[in-house]
Amino acid sequence: GSSQYRKLTFLPESIGERVLPEGLHLQERPHIRGAMASSPFDAEGVATRDSDLVTDGVLQRYVLGSYSARKLGLRTTGNAGGIHNLLVSSDAGARTLPELLRIMGEGFFVTELMGQGVNGLTGDYSRGASGFWVKGGELAYPVHEVTIAGNLKPMLRGIRAIGSDIEPHGAIRVGSVLIDEVTVAGN
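Small disclaimer: the values here were computed from a predicted structure and weren't measured.

A.B. asks: Mind laying out the packing of aromatic side chains, listing which residues take part and the relevant values?
C.D. replies: Tallied over the entire structure, the rule returns 2 aromatic pairs. Ring plane angle 75° and centroid distance 5.8 Å describe the contact between Y5 and Y67, whose orientation is recorded as edge-to-face. Of this pair, Y5 sits in helix α1 (residues 2-5) while Y67 sits in helix α2 (residues 66-72), placing them 62 residues apart in sequence. On the basis of relative accessible area, Y67 is assigned to the partly exposed category, the value being 45%. Relative to W133, the ring of F108 has its centre 6.5 Å away and its plane inclined at 20°; by these criteria the two rings are stacked.

Shown next, in the form of structure tokens:
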């Protein structure tokens, strides 16, 4: 919300626009029993509720506390203090990691990101990375001390598949993400 009213986002006034590929969904589920980010109220005491942020790739709403909602002429979404259990899903279903590697064929499987390199205004993305090079859908050899770079708009729209390897101990529940293209630089 604050990025929207300050006009400091690479997705300005994007409600109703496609920000992800068709078939991808982002849902907030703040009442999952025992989940780390579950909460009946946000940081301002506003009741939380289930809602869809992105449906079939189209942005449905922003994440707003009371102040940013007022600045935008909207209503709070019960998100002061952040998101509550964000679930990422695909109509195509979740794929196992070996399936994602087979779909990739050849490319870079990132296992670790380093540093800060995301410009929220332009969407430019550049981070240090380590992982494995994939050939023929199989892990071929380790890769370290490289940089991956791109722009978030095409990266998000280029999501091809979502993995089933979800780590359930955080506020965002998503498996590995297979995207079409990033630039890899290094030795």
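A.B. asks: Kindly report on the sheet that holds strand β4 (residues 86-90), identifying the contributing residues and their values.
C.D. replies: Spatially, the 5 strands line up as an open sheet ordered β3-β2-β1-β4-β9, and their pairing is mixed. Either end of the sheet is taken by a strand with one partner, and the two such strands are β3 (58-59) and β9 (172-173). As paired strands, strand β2 (residues 51-55) and β3 are joined by 2 bridges and run antiparallel to one another. Within β3, the position partnered with T55 by the bridge is V58.

A.B. asks: Report on the side chain of D42, specifying residues and quantitative values.
C.D. replies: Relative to the helices and strands, D42 resides in the loop between β1 (24-28) and β2. Within the buried core, D42 has no salt-bridge partner, and the shortest N-O distance to an opposite charge, that of R61, equals 9.4 Å. Here the side chain of D42 touches A80 through a polar contact of 3.0 Å, landing on its backbone nitrogen.

A.B. asks: Account for unusual backbone geometry, naming residues and giving values.
C.D. replies: One non-glycine residue with positive phi stands out, namely E13, at about 45°. Take E13: it is sitting in the loop between α1 and β1. Residue classification places E13 among the exposed residues on the basis of a relative accessible area of 56%. Although it is not a glycine, N85 adopts a positive phi angle of roughly 55°.

A.B. asks: Hey, could you go over the environment of G23 for me, with residue numbers and the actual values?
C.D. replies: Mapped onto the secondary structure, G23 falls in the loop between α1 and β1. Here the alpha-carbon distance between G23 and F108, two residues 85 residues apart in the chain, equals 24 Å. Not counting residues within four places of it along the chain, the set of residues in contact with G23 comprises D56, S89, S90 and D91.

A.B. asks: Any chance you could break down the pairing of β4 for me, citing the residues and the numbers?
C.D. replies: On β4, burial follows the alternation: L86, V88 and S90 on one face are buried, whereas L87 and S89 on the facing-out side are not. Where β1 lies against β4, 5 bridges are found, and the strand directions are antiparallel. Across the sheet, L24 pairs through a bridge with S90, a residue of β4. Sheet topology note: the β4/β9 ladder contains 2 bridges and is parallel. Pairing of L86 across the sheet is with I172, part of β9.

Reading the values: rules and limits
Residues numbered from 1 in each chain as written. Predicted model: local features only at pLDDT ≥ 70, side-chain atom pairs only at ≥ 80, totals over all residues. Heavy atoms only, no water. Phe/Tyr/Trp six-rings, centres within 6.5 Å; stacked < 30°, edge-to-face > 60°. Helix = DSSP H or I, 4+ residues; strand = E, 2+ residues; numbered from the N terminus. Buried < 20%, exposed > 50% of the residue type's maximum accessible area, 1.4 Å probe, protein only. Pairing = 2+ DSSP bridges. Lys, Arg positive; Asp, Glu negative; His and termini not counted. Salt bridge = Lys/Arg side-chain N within 4 Å of Asp/Glu carboxyl O. Polar contact = N/O pair within 3.5 Å; in protein donor to acceptor, adjacent residues only side chain to side chain. Contact = heavy atoms within 4.5 Å.

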